[in-house]
Amino acid sequence: MSGNAGGSHPNAEQEVIAVDADDQEQGTVNRLDAHTGDGVRHRAFTALVFDGDGHVLLAQRAPNKRLWDTHWDGTVASHPRPGQGQKEATRERLVDELGITSDQYSDLRITDKFEYKRYYENAGLEWEVCAVLQCTLDDTAIDPNEEEVAGRLWVDYEHLTENPQAYRQLRLCPWFQIAMRRDD
């Protein structure tokens, strides 16, 4: 299924899992191809990490991100690699982006899954079947990777979900907004 958009962007060197509307695997597709032109539906995840007081850790995407750069996201979001499960991919991204290791939480779980398609300016799109994962940190120490995360903010999750307009200035990523609306 890979058509390789070429180019020198690092995403052109990676494969993502193409899926149908029921999240059934349809092979792999070049990550850059999946996010350009008409796009290709593929598997993704967003993870919401909480502290023990009901705050969610938001992460601002680094300015070098091709899509939704400097927008605020749930804690981490990405794509599992071929042969990788959602939990394994989430654990990996938590370490890579924020230095959060699996000994800091014990309750990583999948809480939802949804499909969405959104275009970003003239740079590309996301067309994903997105799993939502959640966990609560026993130890809230983090060590952000500045290549991935431009900022971080602990937010009262209940206030955020009940008053999203109060957070407009953060420019929230669309997949995170959908995950919050569905999390009742």
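Residues numbered from 1 in each chain as written. Predicted model: local features only at pLDDT ≥ 70, side-chain atom pairs only at ≥ 80, totals over all residues. Heavy atoms only, no water.

### Here we look at the environment of C135
Considering the arrangement of structural elements, one finds C135 in strand β8 (residues 124-136). C-alpha of C135 to C-alpha of D107: the two residues are 28 residues apart in sequence and 5.3 Å apart in space. Not counting chain neighbours up to four residues away, the residues in contact with C135 comprise L48, V49, F50, Y105, D107, L108 and R109. (Helix = DSSP H or I, 4+ residues; strand = E, 2+ residues; numbered from the N terminus. Contact = heavy atoms within 4.5 Å.)

### Re the pairing of strand β2 (residues 25-30)
Across four bridges, the pairing between strand β1 (residues 15-19) and β2 is antiparallel. Note on β2: the bridge partner recorded for E15 is N30. In sequence, β1 turns back onto β2 through a hairpin of five residues, with D23 there showing a positive phi of about 65 degrees. (Pairing = 2+ DSSP bridges.)

### Observations regarding the environment of A47
By the secondary structure assignment, A47 is in strand β3 (residues 42-50). The exposure class assigned to A47 is buried, which follows from its relative accessible area of 2%. Counting along the chain gives 35 residues from A47 to P82, while the straight-line C-alpha distance between them is 19 Å. When residues no more than four places from it in sequence are discounted, the contact partners of A47 are G74, T75, V76, T90 and L133. (Buried < 20%, exposed > 50% of the residue type's maximum accessible area, 1.4 Å probe, protein only.)

### Some thoughts on the packing of aromatic side chains
One pass over the full model with this rule turns up five aromatic pairs. Taken together, a centroid distance of 4.8 Å and an interplanar angle of 35 degrees make the contact between W68 and Y120 tilted. Taken together, the residues span a long stretch of sequence, with W68 in the loop between β4 (55-61) and β5 (72-73) and Y120 in strand β7 (residues 109-120) at a distance of 52 residues. We classify W68 as buried; its relative accessible area is 6%. On the numbers, 5.9 Å between centres and 50 degrees between planes, the contact of F114 with Y116 is tilted. (Phe/Tyr/Trp six-rings, centres within 6.5 Å; stacked < 30°, edge-to-face > 60°.)

### Focus: the environment of D143
Here D143 lies in the loop between β8 and β9 (149-156). You can call D143 exposed: its relative accessible area is 56%. Remark: the alpha-carbon pair of D143 and I100, spanning 43 residues in sequence, is separated by 7.3 Å.

### Overview of helix α2 (residues 86-98)
Over its 13 residues, α2 runs 17 Å from end to end, which matches the ideal 18 Å to within 8%, given 1.5 Å per residue. Considering only its buried residues, α2 is in contact with β3, β4, β6 (76-78), β7, β8 and β9. (Expected span 1.5 Å × (residues − 1).)

### A word on the pairing of β7
Inspection of the sheet shows β7 paired to β8 by eleven bridges, in the antiparallel sense. If you follow E115 over to β8, its bridge partner there is V129. Between β7 and β8, which pair antiparallel one after the other, the connecting turn spans three residues, and E121 there sits at a positive phi close to 45 degrees.

### Notes on unusual backbone geometry
Of note in the backbone geometry, D23 takes a positive phi value of approximately 65 degrees without being a glycine. With respect to the element layout, D23 can be found in the loop between β1 and β2. Here T70, not a glycine, exhibits a phi torsion of approximately 65 degrees, which is positive. Mapped onto the elements, T70 comes out in the loop between β4 and β5. For T70, a relative accessible area of 24% translates into the label partly exposed.

### Some points on the nonpolar core
Of all hydrophobic cores here, the largest spans 25 residues; its most connected members are V56, L58, L160, L172 and F176. Elements with a contribution of two residues or more to this core: β3, β4, β7, β8, α3 (157-162) and α4 (174-182). Take this core: its biggest share by element is five residues, from α4. Look past the residues within four positions of L172 in its chain and what remains in contact with it is L58, H71, W72, L160, Q177 and M180. (Core = buried A, V, L, I, M, F, W, Y, C linked by side-chain atoms within 4.5 Å.)

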